[in-house]
Amino acid sequence: MRLTTEERIELGGKDQGTFNPAFGVKDGDEEPQMTVDIGDPHTESLEEAVDKGSDLVYSLNDRPPWYLCILLGFQHYILAFGGIIAVPLILAEPLCIKDNNSAKSQLISTIFFVSGLSTLLQTSIGTRLPILQGGTFSFITPTLAILALPKWQCPAPKASMMLAAQNSSSSPLQMDDSDEVWMTRMREIQGAILVSSLVQIVLGFSGLVGLVLKYIGPLAIAPTINLIGLSLFIEAGKKSGGHWGIAALTVCLILLFSQYLSKVDVPMIAYKDKKWKVFQYPLFKLFSALFGMCGAWLVCFLLTIFDVFPSKSDEYGFSARTDISLDAVTNSPWFHVPYPGQWGMPTFSVSSVLGMMAGVLASTMESIGDYYACARLSGAPPPPTHAINRGIAVEGIGCVLAALWGTGNGTTSYSQNIAALGITKVGSRLVLQTTGLLMIVLGIFGKFGAVFITIPDPVIGGMFLVMFGMIAAVGISNLQYVDLNSSRNLLILGFSTFSGLVLPTWFHSNPGIIDTGIKELDQVIVVLFTTHMFIGGFFGFILDNTIPGTEKERGIKSWQDKAQQGNTNFCDASCYDIPYCNGIFKRFRCFQYLPFLPSFKTSEQGTS
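For clarity, every value in this text was computed on a predicted model and none was experimentally measured. (Residues numbered from 1 in each chain as written. Predicted model: local features only at pLDDT ≥ 70, side-chain atom pairs only at ≥ 80, totals over all residues. Heavy atoms only, no water.)

**Focus on the overall build of the protein chain**
Within the protein chain, the secondary structure is distributed over 26 helices and six strands. The long-range fraction of contacts in the protein chain, counting pairs at least 24 apart against all pairs at least 6 apart in sequence, stands at 82%. Of the accessible surface of the protein chain, which amounts to about 24200 Å², a share of 65% is contributed by carbon and sulfur atoms. (Helix = DSSP H or I, 4+ residues; strand = E, 2+ residues; numbered from the N terminus. Contact = heavy atoms within 4.5 Å. Areas by Shrake-Rupley, 256 points an atom, 1.4 Å probe, with all protein chains shown as cover.)

**Concerning the environment of lysine 263**
Turning to its location among the elements, lysine 263 is positioned in the loop between α11 (244-260) and β4 (266-272). For the pair lysine 263 and leucine 283, spaced 20 residues apart in sequence, the C-alpha separation works out to 9.7 Å.

**Focus: the packing of helix α3 (residues 66-91) against helix α4 (residues 101-124)**
Taken N-terminus to C-terminus, the directions of α3 and α4 make an angle of 130°; their axes are 10 Å apart at the nearest point. When the interaxial angle is binned, α3 and α4 end up oblique. As α3 runs across α4, the sense of the crossing is right-handed. Between α3, through Tyr77, Phe81, Ile84, Ile85, Val87 and Pro88, and α4, the contact on the second element is made entirely by Leu107, Ile108, Ile111, Phe112 and Ser115. Broken down by class, the residue content of the contact of α3 with α4 amounts to ten nonpolar, one polar and no charged. (Axes fitted to C-alpha atoms, helices over the stretch in contact; angles between N-to-C directions. Parallel < 35°, antiparallel > 145°, perpendicular 65-115°, else oblique. Left-handed = near helix turned anticlockwise from the far one by under 90°. Nonpolar A, V, L, I, M, F, W, Y, C, P; charged D, E, K, R; others polar.)

**Considerations on the packing of aromatic side chains**
If you walk through the whole model with that rule in mind, you get 17 aromatic pairs. When the ring of phenylalanine 284 is compared with that of phenylalanine 291, the centres are 6.4 Å apart and the planes differ by 75°; the resulting orientation is edge-to-face. Phenylalanine 284 sits in the buried class, given a relative accessible area of 18%. Among the aromatic side chains, those forming a connected cluster through ring pairs are Phe495, Phe534, Phe538 and Phe539. (Phe/Tyr/Trp six-rings, centres within 6.5 Å; stacked < 30°, edge-to-face > 60°. Buried < 20%, exposed > 50% of the residue type's maximum accessible area, 1.4 Å probe, protein only.)

**Observations regarding the confidence of the model for the protein chain**
Put simply, the protein chain has an average pLDDT of 79, and 81% of its residues get 70 or more. Taken as a whole, residues 167-175 scores under 50 in pLDDT and shows 16 contacts with residues more than four places along the chain or in a different chain. (pLDDT = per-residue confidence, 0-100.)

**Here we look at the side chain of serine 496**
Mapped onto the elements, serine 496 comes out in helix α21 (residues 487-509). By relative accessible area, which is 0% here, serine 496 ends up buried. Here leucine 493 takes part through its backbone oxygen, which lies 3.2 Å from a polar atom of the side chain of serine 496. (Polar contact = N/O pair within 3.5 Å; in protein donor to acceptor, adjacent residues only side chain to side chain.)

Below, the structure written as structure tokens:
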């Protein structure tokens with residue numbers, strides 16, 4: 001669920017399936033409003049909204065009333081819902097828990113719980129910007145490549161049915177042989193994420209992030225992000241194929257709310273100054289993915305009640321029923337607190353770690369743009385070097401937490417929630433800290449996660465069609481800064497993208513073709529060459545930095561120009577300081593050599 005780095009710096013782009021670049025905003029009230037007043041029918045772009053800094057109701061350091069924190073915090077939770085819940089649903093089949101509803105509900109609870117922890121860390125000691133942390137698709141591709149290795153293939157169907165039967169008759173928290181089938185796979189992914197995330201931590205704490213980004217341009221990012229979306233088309237097809245009619249209905253509903261009704265503001269009522277006021281709110285635009293999914297879910301529920309869908313599992317359309325997984329809600333505990341090592345001790349292998357590093361680097365590249373975008377929308381100055389370094393390091397720590405708890409994924413910043421700051425005009429970090437607390441609380445509530453297991457596969461497939469398509473398109477949108485009349489650029493783009501499709505497909509079609517005599521080396525080669533985004537990003541990076549070309553031709557100059565655009569500041573650079581620690585940092589001279597602290601002697605100072 002990521003925007004391109006340039007789009008987030010420019011604040012004029014889209015996210016994957018939730019927002020559009022134009023938002024309805026209210027022309028400037030002179031005094032701050034307690035309600036989210038977006039009353040005029042006039043619409044303008046998000047970039048224009050940012051320029052109208054006087055419209056900001058609450059800036060970064062402000063503390064809105066508690067009830068507004070809860071309401072806006074829950075809104076951010078809903079916005080991130082689609083992207084976060086998609087991760088465990090994608091991983092269910094390769095982890096061999098397609099029919100293990102208990103395990104899926106625990107995974108959903110765990111990923112929400114860890115996302116809440118990571119959000120609190122990022123907003124408190126990371127960049128200290130109002131950024132929500134959640135699961136990332138950058139880790140999905142290498143994870144699927146790892147689980148596609150022969151030793152991680154799921155058991156034969158008969159064995160799977162026996163294990164599923166054993167699991168359904170046991171307590172959801174009871175560990176038995178059937179649990180061990182998927183937990184061994186989860187522990188392998190945990191180990192890969194745990195070690196590879198250390199690279200992100202080192203990049204942040206050492207200050208090497210800036211050095212790495214100097215050599216990464218649009219021609220390296222475009223194929224990398226594009227191939228994340230393209231490589232997931234099989235997952236979308238599997239889910240949608242359960243009932244293409246329901247999948248198409250889901251797509252149509254999402255398009256209806258996100259595009260056709262995007263400029264329709266819904267009248268809502270708020271109480272302010274001892275009287276009720278009516279204000280206009282872009283409800284359809286904010287919750288398009290949620291409304292589309294829930295609408296299709298409701299249709300499936302009604303068609304299930306009236307027995308329109310077949311009741312036999314081998315008939316087409318059965319997977320669209322909503323009563324297939326009701327036992328997940330019944331058997332799940334009311335409360336379950338996720339804890340580190342709940343699936344066992346992580347296991348480590350060189351091939352898995354190297355494959356996962358491709359996801360870590362892609363996530364790191366994209367997060368830099370998030371910080372600039374969020375700073376502009378929250379009324380903060382451009383993030384200084386120490387804040388960016390610390391933010392990347394804390395994202396790495398969040399990924400380590402995800403590995404220890406066992407989400408099967410990492411964490412990264414969410415672009416759609418940053419865009420929401422421009423709509424609500426509330427850029428307070430306290431709101432996002434409230435969101436983090438809500439995610440932790442709802443992650444502990446076991447039956448809450450189990451409810452989402454009942455979403456029919458075709459509905460999920462329809463959501464995937466839109467979401468993954470947008471990811472691929474956003475990758476291509478990086479090219480807006482590149483000279484596409486240059487044969488050099490066309491060659492790099494075409495070869496890197498096409499290679500990212502051809503090589504993984506060939507390796508999957510020829511299992512066992514790599515035989516160097518060293519088993520570990522064979523696994524390293526297979527994982528790397530079956531990870532689409534690694535192939536595309538690697539060739540894009542190498543060719544872009546070795547084939548001669550001007551900065552303007554490569555798009556580097558336009559990219560940097562966007563990064564230099566100023567902010568409308570409501571606070572000074574001290575908003576990035578770590579609370580209660582400034583005195584200590586100033587007292588000891590050694591701290592000025594640590595690139596992640598405000599006392600770092602070469603840190604860039606924002607202008608107010």
